[in-house]
Amino acid sequence: GDSRIWGDASEDVQEHAIEAVVAASALFGLPQRETAHVLAIARVASGLNPDAEDPESSRAGLVQFDDATAERHGLTGEARFDLEANAEALVRAFIEAKKASQRRGGGGRELETMIYKVIHDGPEGDHGGLEISRREVMPLVDQFHATLRGGRGGEGGARGAMGQGPMRSGRG
């Protein structure tokens, strides 16, 4: 990115972030809808800036994991801002959060909404993740999914689903 600020990355860097997330999703065998979900999480968390850092906490990188979560996912030292490592860590976190959400019951849209809450708040926490998921993440999931289904690449592709203007939660 161009700085540690949310979303402050060139179009090329953001496109590379999208490509890294799509590649990591494919590596783990995620279907298109789940790939769209992972893209939406990255968009809300960092504005697709792999160098983003929250000045008020230890959250950093594409996913804005705090230090403890980053360490659990192997994002220490040089890997803390490594795009591909962050993309793979995000996909692993998504899979873990999906499993935790499934254990709570529910399915469909309710399950999808809970996934971001678990990533944001932790399995038992309540720090606003559910509202952020409803307000910011889920609309982007729908947009990214429609774009991925259309099979368009480049500016008209997944990046085009990001819409206009920032949607910033400041956390991820």
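Fair warning: this is a prediction, and the values are worked out from it, not measured in the lab.

Student: What's the story with helix α4 (residues 83–103) in this structure? I'm lost.
Tutor: In an α-helix there are 3.6 residues to a turn, and that puts residues three or four apart on one side. In a regular helix each residue adds 1.5 Å, so 21 residues correspond to 30 Å; α4 covers 30 Å between its end C-alpha atoms and thus fits that length. Tucked inside the fold, the buried residues of α4 contact α1 (11–27), α2 (32–46) and α5 (108–121). Here α4 starts with a cap whose side-chain oxygen sits 3.3 Å from the backbone nitrogen of Glu84, and that cap is Asp82. Two residues or fewer past α4, Gly105 is found with a positive phi of approximately 95°.

Student: I tried to follow the packing of aromatic side chains on my own but got confused; where do I start?
Tutor: A ring pair, where both rings are aromatic, is described by two values, the distance of the centres and the angle of the planes. A complete count under the given rule lists zero aromatic pairs for this structure. Of note, Arg4 hangs over the ring of Phe81, and the distance from its end group to the ring centre comes to 3.9 Å.

Student: Looking at this model, I keep getting lost on the pattern of salt bridges. Mind explaining?
Tutor: Any two side chains of opposite charge can pair, on the condition that their charged atoms come close. Across all of its chains, the model carries 11 salt bridges by this definition. Between Arg4 and Asp51 there is a salt bridge; the shortest N-O distance is 3.9 Å. Of this pair, Arg4 sits in the segment before α1 while Asp51 sits in the loop between α2 and α3 (67–72), placing them 47 residues apart in sequence. Residue Arg4 is classed as partly exposed on the basis of its relative accessible area of 38%. The shortest N-O distance in the salt bridge between Lys98 and Glu34 comes to 2.4 Å. Taken together, the residues span a long stretch of sequence, with Lys98 in helix α4 and Glu34 in helix α2 at a distance of 64 residues. Here the residues in one salt-bridge network are Arg33, Arg109, Glu112 and Asp142, joined through shared partners.

Parameters and conventions
Residues numbered from 1 in each chain as written. Predicted model: local features only at pLDDT ≥ 70, side-chain atom pairs only at ≥ 80, totals over all residues. Heavy atoms only, no water. Helix = DSSP H or I, 4+ residues; strand = E, 2+ residues; numbered from the N terminus. Expected span 1.5 Å × (residues − 1). Contact = heavy atoms within 4.5 Å. Polar contact = N/O pair within 3.5 Å; in protein donor to acceptor, adjacent residues only side chain to side chain. Phe/Tyr/Trp six-rings, centres within 6.5 Å; stacked < 30°, edge-to-face > 60°. Lys NZ or Arg CZ within 6 Å of the ring centre and 35° of its normal. Salt bridge = Lys/Arg side-chain N within 4 Å of Asp/Glu carboxyl O. Buried < 20%, exposed > 50% of the residue type's maximum accessible area, 1.4 Å probe, protein only.

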